[in-house]
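So you can see what is in the structure, the chains are spelled out below.
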Amino acid sequence: MSHSSGPAQSRAHGPLPEDDLAGPVRYGYTAGIAERFAASPVPGGQRPGRVIRVDRTLVLVADGAGTSHLPYPRDGERPATGDWVWLGQNAAGEPVIAGVLPRHSELSRKRAFESSSEAQVLGANMDVVGIVVPVDRPLTHNRLERTLVAAWDSGATPLVIITKADLAAVADEVVGTVVRQAAGVDVVTTSAEHGDGLDELLTRLPPGGTLVLLGPSGAGKSTLINALAGVSSQETGAVRAGDGKGRHTTTSRELVPLPGGAVLMDTPGVRGFGIFDAGDGMGEMFGDLEELFGQCRFSDCAHGREPGCAVQAALAEGVLDDRRWASYLKLQRELAALARRHDAAARRAYQREWHQKIAVAGKSQRSAERDSYENAPGHGSGKNSGKNGGKSGRGSGKSGSKGGRRRSS
């Protein structure tokens, strides 16, 4: 069962003929990939390969002859799962990675520790990013939106994959909610246990294309891969009935070849998905909001209390969902904070603005306290009234000037 807004765009040519095999065809090597290698030669590069998995000290790489574990290249870009690489030899005649081809797509997220602005590359050179949503647990709307933003920004085509449709009677309700939430992204409903929707899912992949699966632990990614591959290539684990949480059965990102030349990339369950750089992803995911911004009376509308704000009008009329607007603002705040950590100039400007706000707030509070004290009943009476009154009179012009500046600030 699918809910489509249009076919996924193909980025690969057809498979190579059997007598012209020079690369790892089982891992997506096509005539189009061969052209990319020809256009990007590197010194010492002798044959094409693809990164199947990245381990702590070695890289598992496939070429036309098979697979091998190779050391990380000493220079250049660090390879990621899915990268196309030039293979060669070092001075001792040992096989090495000679270079990494430019990526046509890259899925990145902010690293797990919050204070960093460094990107973590989850996968490279995928054609479709499948966001896996199981029906047997509550949906996290913000998480779906943030993952779709990253998927759009990767350069690949997003696709929402609903799994375990056979386990819940509320499948239709979940599908309807996801279709509304996905904002035009295609949605495919599957049941790996019964084989439902698998053929439909495979048709979304171009010949030799790569599909990366993203989703929380226990979402059914490994079970889905096993069903698509036709073999038990990934370990599966049980999900707790109490909270719907599963254990991590996939511990690293790895390419899994499928019959027919397509490739799947499984990823460990992602607890959180901090977006690294939204780029065009926000525009794709929140295009309806971009249209509303253009309808505001003022071009610099902050979408708060300004008159003629189309966003506030849409919220009041119920055309724009409050939760969707809140999700957009949350993502924008996260991107702004990330930009400040990444850009020293932006960080300094933000700090100046923040200190100015604090200073103004402090002056306003002091002014209010002073006025409250001066206007209190009985203030200035008794022994000190003349003294204070005299001082006030002698310095009335000066004091009034100061008071005026304080109140205006």
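Conventions we followed
Residues numbered from 1 in each chain as written. Predicted model: local features only at pLDDT ≥ 70, side-chain atom pairs only at ≥ 80, totals over all residues. Heavy atoms only, no water. Helix = DSSP H or I, 4+ residues; strand = E, 2+ residues; numbered from the N terminus. Buried < 20%, exposed > 50% of the residue type's maximum accessible area, 1.4 Å probe, protein only. Contact = heavy atoms within 4.5 Å. Areas by Shrake-Rupley, 256 points an atom, 1.4 Å probe, with all protein chains shown as cover. Phe/Tyr/Trp six-rings, centres within 6.5 Å; stacked < 30°, edge-to-face > 60°. pLDDT = per-residue confidence, 0-100. Pairing = 2+ DSSP bridges. Salt bridge = Lys/Arg side-chain N within 4 Å of Asp/Glu carboxyl O. Core = buried A, V, L, I, M, F, W, Y, C linked by side-chain atoms within 4.5 Å. Arc of directions from axis to C-beta.

### Digging into the overall build of the protein chain
Okay, so step 1: When helices and strands are tallied, the protein chain shows twelve helices and 14 strands.
Okay, so step 2: Relative to its full complement of 409 residues, the protein chain shows a buried share of 43%.
Okay, so step 3: Excluding contacts between residues fewer than 6 apart, the proportion of contacts in the protein chain whose partners are at least 24 apart in sequence is 65%.
Okay, so step 4: Within the structure as shown, the protein chain displays about 21500 Å² of accessible surface, and the carbon and sulfur contribution to it stands at 50%.

### What about the packing of aromatic side chains?
Okay, so step 1: Tallying each qualifying case throughout the model produces four aromatic pairs.
Okay, so step 2: Relative to Trp84, the ring of Phe37 lies with its centre 6.2 Å away and its plane at 85 degrees, an arrangement referred to as edge-to-face. Taken together, the residues span a long stretch of sequence, with Phe37 in helix α1 (residues 31-39) and Trp84 in strand β5 (residues 84-89) at a distance of 47 residues. Each member of the pair, Phe37 as well as Trp84, is classed as buried.
Okay, so step 3: Ring centres 5.0 Å apart and planes at 90 degrees place the aromatic pair Phe37 and Trp86 in the edge-to-face group. Taken as a pair, Phe37 in helix α1 and Trp86 in strand β5 lie far apart in primary sequence, 49 residues in all.

### Overview of the confidence of the model for the protein chain
Okay, so step 1: Mean pLDDT over the protein chain works out to 74, with 62% of the residues at or above the 70 mark.
Okay, so step 2: When the criterion is pLDDT under 50, residues 5-13 qualifies, and its contacts beyond four places in sequence or with other chains add up to 21 contacts.
Okay, so step 3: Confidence drops under pLDDT 50 across residues 236-251; counting only partners more than four residues distant or on other chains, this segment forms 33 contacts.

### Some remarks on the pairing of strand β6 (residues 95-100)
Okay, so step 1: Relative to β6, β5 is paired through five bridges, and the arrangement is antiparallel. Considered in β6, the bridge of Leu87 is made with Ile97.

### Thoughts on the pattern of salt bridges
Okay, so step 1: Enumeration according to the criterion identifies nine salt bridges in this entry.
Okay, so step 2: Here Glu77 and Arg103 are joined by a salt bridge, their closest N and O atoms 3.1 Å apart. Of the two residues, Glu77 sits in the loop between β4 (66-71) and β5 while Arg103 sits in the loop between β6 and β7 (106-110), which places them 26 residues apart along the sequence.
Okay, so step 3: Using a relative accessible area of 43% as the deciding quantity, one classes Glu77 as partly exposed.

### Some points on helix α5 (residues 221-229)
Okay, so step 1: Summarising burial for α5: seven of the nine residues are buried, a large majority.
Okay, so step 2: All buried positions along α5 are accounted for by Lys221, Ser222, Leu224, Ile225, Asn226, Leu228 and Ala229.
Okay, so step 3: Among the structural elements, β9 (128-134), β10 (157-163), α4 (198-203), β12 (210-214), β13 (254-257) and β14 (263-266) are those in contact with the buried residues of α5.
Okay, so step 4: Where α5 ends, the next residue or the one after it, Gly230, has phi of about 80 degrees, a positive value.

### Examining the environment of Gly218
Okay, so step 1: Inspection of the secondary structure assignment puts Gly218 in the loop between β12 and α5.
Okay, so step 2: Among the residues examined, Gly218 registers a relative accessible area of 17% and is labelled buried.

### Topic: the side chain of Thr163
Okay, so step 1: Within the secondary structure, Thr163 is located in strand β10.
Okay, so step 2: Residue Thr163 is classed as buried on the basis of its relative accessible area, which comes to 3%.
Okay, so step 3: When residues no more than four places from it in sequence are discounted, the contact partners of Thr163 are Val132, Val133, Pro134, Val135, Thr190, Ala219 and Leu224.

### Observations regarding the nonpolar core
Okay, so step 1: Ranked by internal contacts, the top residues of the largest apolar core, which has 29 residues, are Leu107, Val129, Ile131, Leu144, Leu148, Val160 and Val178.
Okay, so step 2: For this core, the secondary structure elements donating two or more residues are β3 (58-63), β9, α2 (141-153), β10, α3 (171-181), β12 and β14.
Okay, so step 3: At four residues, α2 tops the list of elements feeding residues into this core.
Okay, so step 4: Contact partners of Ile131, with chain neighbours within four places excluded, come to Leu144, Thr147, Leu148, Ala151, Pro158, Leu159, Val160, Ile161 and Leu214.
Okay, so step 5: Membership of the second largest hydrophobic core comes to 19 residues, among which are Leu213, Leu224, Ile225 and Ala229.

### Remarks on unusual backbone geometry
Okay, so step 1: A positive phi angle, near 60 degrees, is found at Asn125, a position not held by glycine.
Okay, so step 2: Checked against the element boundaries, Asn125 lands in the loop between β8 (119-124) and β9.

### What about α1?
Okay, so step 1: Among the residues of α1, Gly32, Ile33, Arg36 and Phe37 are the ones counted as buried. For α1, the arc enclosing every buried residue in end-on projection is 145 degrees, short of the 170-degree limit, so these residues lie on one face. The exposed residues of α1 that point more than 90 degrees off its buried face are Ala38 and Ala39.
Okay, so step 2: For α1, the secondary structure elements touched by its buried residues are β2 (47-54) and β5.

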